[in-house]
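This is what each chain is made of:
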Amino acid sequence: MKGCVIIGASPKAQLPPNFSVGNDGVFCADGGYDRAVSWGIAPDVVIGDFDSAKEIPQGDFEVVRLPREKDDTDLLAAVKLALQRGYRGFRILGALGGRLDHSYGNLSVLAFLAAQGATATLEDGETVVQLVSHSDPPLVLERQMGRTVSVFPFGADRCIASYTGLQYPLDHGTLSIEVPLGVSNVVIAERATITIEAGTALVIILNE
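Since this is a predicted model, take the numbers as computed values, not measurements. (Residues numbered from 1 in each chain as written. Predicted model: local features only at pLDDT ≥ 70, side-chain atom pairs only at ≥ 80, totals over all residues. Heavy atoms only, no water.)

Asks: How do you make sense of the sheet that holds strand β8 (residues 139-142) when you look at a structure like this?
Replies: One key point about sheets: their strands pair by backbone hydrogen bonds, in either a parallel or an antiparallel sense. Taken together, the four strands give an open sheet; going across it, the order is β8-β13-β10-β11, and neighbouring strands pair in antiparallel fashion. Among the strands making up the open sheet, the edge pair consists of β8 and β11 (170-176). On average, each strand axis in the sheet is inclined to that of its neighbour by 25 degrees, with strand direction left out of account. In the sheet, strand β10 (residues 158-164) pairs with strand β13 (residues 191-198) via five bridges, with the strands oriented antiparallel. Across the sheet, the residue bridging to S162 is T195, located in β13. (Pairing = 2+ DSSP bridges. Helix = DSSP H or I, 4+ residues; strand = E, 2+ residues; numbered from the N terminus. Axes fitted to C-alpha atoms, helices over the stretch in contact; angles between N-to-C directions.)

Asks: How should I be thinking about the packing of helix α2 (residues 74-84) against helix α3 (residues 100-115) in this particular structure?
Replies: Angle between the axes and distance between the axes: these two values describe a pair of packed helices. Relative to each other, α2 and α3 sit at 20 degrees, their axes nearing to 10 Å. Relative to α3, the element α2 lies roughly parallel. Crossing of α2 against α3: the hand is right-handed. The segment α2 lies against α3, with L75, L76, V79, K80 and L83 engaging N106, V109, F112 and L113. Class assignment of the residues belonging to the contact of α2 with α3 gives a composition of seven nonpolar, one polar and one charged. (Parallel < 35°, antiparallel > 145°, perpendicular 65-115°, else oblique. Left-handed = near helix turned anticlockwise from the far one by under 90°. Contact = heavy atoms within 4.5 Å. Nonpolar A, V, L, I, M, F, W, Y, C, P; charged D, E, K, R; others polar.)

Asks: Explanation requested: the confidence of the model for the chain in the structure shown.
Replies: A low pLDDT score tells you not to read the predicted coordinates there in detail. Confidence in the prediction for the chain averages 91 pLDDT; 98% of positions are at 70 or higher. Averaged pLDDT values for the elements of the chain fall to 90 in strand β4 (residues 62-65) and rise to 97 in strand β9 (residues 148-153). (pLDDT = per-residue confidence, 0-100.)

Asks: Whenever I open this one, α2 confuses me. Can you help?
Replies: Given 3.6 residues per turn, any residue in an α-helix points the same way as the ones three and four places further on. Buried residues dominate α2, accounting for nine of its 11 residues. Packing partners of the buried residues in α2 comprise β1 (3-7), β2 (25-29), β3 (45-48), β4, β5 (89-93) and α3. Looking one or two places after α2, you find G86, whose phi comes out positive at around 95 degrees. (Buried < 20%, exposed > 50% of the residue type's maximum accessible area, 1.4 Å probe, protein only.)

Following this line, the structure appears as C-alpha cells:
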C-alpha cells in the first residue's frame, strides 16, 4: 500500500518516538511545514491558505495554494490531494493537542479516509489514534504491555466490542457514548486484540 505522512500545524505537536518517514510521501498542511522543518523532515508537497505558516514556503517541493474561504480544512485538503495521487496508507502528525475543535475535526478525517478505503492513524509523541470498524479485522497489539488503551464509539451512539489481553476484558460488550466504559484499559499480554463486532470505534493508545 502506497503510504504517506500528513503533517498538520498543531502548536503542541510532538514527533512520535522512533519515527521514520522511510519511503513515504510527505504532505504538509499549511503551518505543518514549520513542524516538518523543526523535525528535520523534508516535504514533497506543502498545501494550504498559509494563514498559520510563518511565510509562504519556498524550496525544492511543490506548493499548492488554497483560498482562505473554503469548506475543507487545510489538513483535509492535504489528505484529499494525497488520495488523488494514489496514497492509501496515512500517518497523520501534528493533528492533536491544539484547539479542541481542530482535534475533533481531525478525528473526523479518520472517518473520511476509512470511507475511501484507506488506512490511517493520528500520531503524536504521546498518542496513537485509529478508527476500527465492524468490517475490519481485529486490531492486534503486540509487545505493548503496560500501555493504556481506550475504546469509544464513533459516528453512532454505541458499538459492540470484544477485547483479549487487556486488564478489563470484554466479550461482545456494548460501549455507548453516555458511559465511558472503554476508557483507560491496560495491555497485560504480549498479544492483545480489539474486535469491533458492530459499529465503529476510536481506539486511543498512549505511548507510555
